[in-house]
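# What the coordinates show
Okay, here's what each chain looks like letter by letter:
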Amino acid sequence: MAEKTILVVEDNDINRELMRVVLQRGEYRVLEAADAETGLDLARQERPDLILMDIQLPGMDGLSAAKILKSDPRMQHMPIFALTGFALESDRQKAADIGMEGYIVKPVSVKGLLDTLADWFRTHGPDQ
Ligand code: MN
């Protein structure tokens, strides 16, 4: 299987570093952005296989950034998983309404994250 590229958009440096370490352990190529604007640029340039999008970001929030990607015919196929705080049911509903493909609850567990991504790529791979 070809190496998958994952874009992490997360403003918290420690969380972002944790995600990078976990994803690299899962043998993913990792791109990182600390704000939505940089994330959108990277998404357009690099066409990652999946985006992990924090909802709460400085400036443009993750839901707004996802909305922009989902309304762009060149980008809307790109799966986006929301990174949400543990009890924010409203964020999950909004993410689903926008068309985001899933969500990951923070704090992120190593196994939970890697299992979720492996499941996604297994069921949405090019051979399916
Ligand atoms: Mn945040």
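Residues take numbers from 1 onward in each chain, read along the sequence in its written order. Confidence filtering applies because this is a predicted model: local features only for residues at pLDDT of at least 70, side-chain atom pairs given and counted only at 80 or more, and all residues used for totals across whole chains, interfaces and linings. Side-chain metrics rest on all non-hydrogen atoms present in the structure, leaving aside hydrogens and water.

This brings us to the coordination of the manganese ion. Only nitrogen, oxygen and sulfur atoms count as donors, using a 2.8 Å cut-off from the metal that widens to 3.2 Å for Na, K and Ca. Water is left out, so coordination shells may look unfilled. Every protein donor of the manganese ion is accounted for by Asp11 (OD), Asp54 (OD) and Gln56 (O), and the metal-donor separations fall at 2.0 to 2.2 Å. Note on aspartate 54: relative accessible area 2%, which makes it buried. Using a 1.4 Å probe on the protein chains alone, a residue whose accessible area is under 20% of its type maximum counts as buried, one over 50% counts as exposed, and one in between counts as partly exposed.

What follows deals with the pairing of strand S3 (residues 50-54). Note on conventions: DSSP H or I runs of at least 4 residues are helices, E runs of at least 2 residues are strands, and numbering of each starts at the N terminus. Summarising burial for S3: five of the five residues are buried, a large majority. Of the two faces of S3, the one holding Leu50, Leu52 and Asp54 and the one holding Ile51 and Met53 are both buried throughout. As judged from the four bridges shared by strand S1 (residues 5-9) and S3, these two strands associate in the parallel manner. By the bridge assignment, leucine 7 is partnered in S3 with isoleucine 51. Between any two strands, pairing holds if DSSP finds at least two bridges. Relative to strand S4 (residues 80-84), S3 is paired through four bridges, and the arrangement is parallel. Paired with methionine 53 across the bridge in S4 is alanine 82.

A rise of 1.5 Å per residue sets the reference length of helix H5 (residues 110-124), with its 15 residues, at 21 Å; its end C-alpha atoms lie 21 Å apart and thus fit the reference within 8%. Of all the residues in H5, the buried ones are Leu113, Leu114, Leu117, Trp120 and Phe121. Projected down its long axis, H5 shows its buried positions confined to an angular sector of 130 degrees, all on one face. Exposed residues pointing more than 90 degrees away from the buried face of H5 are listed as Lys111 and Arg122. In what follows, a contact means two residues having at least one pair of non-hydrogen atoms within 4.5 Å. Looking at the buried residues of H5, the elements they touch are S1, helix H1 (13-25), S3, S4 and strand S5 (102-105). A helix is expected to reach a length of 1.5 Å times the quantity of its residues less one. Directions pointing from the helix axis toward each C-beta atom define the arc.

Stacked, tilted and edge-to-face pairs are distinguished by plane angle, under 30 degrees for stacked and over 60 for edge-to-face with tilted covering the rest, among Phe, Tyr and Trp rings (Trp via its six-membered ring) whose centres lie within 6.5 Å. Tallied over the entire structure, the rule returns two aromatic pairs. Ring centres 5.9 Å apart and planes at 40 degrees place the aromatic pair tyrosine 28 and phenylalanine 121 in the tilted group. Separated by 93 residues along the polypeptide, tyrosine 28 in the loop between H1 and strand S2 (29-33) and phenylalanine 121 in helix H5 bring together distant segments of the chain. Between phenylalanine 81 and tryptophan 120, the ring centres sit 5.4 Å apart and the planes meet at 85 degrees, which makes this aromatic pair edge-to-face. Here tryptophan 120 lies in helix H5 and phenylalanine 81 lies in strand S4, a separation of 39 residues in the sequence. Since its relative accessible area comes to 14%, tryptophan 120 is described here as buried.

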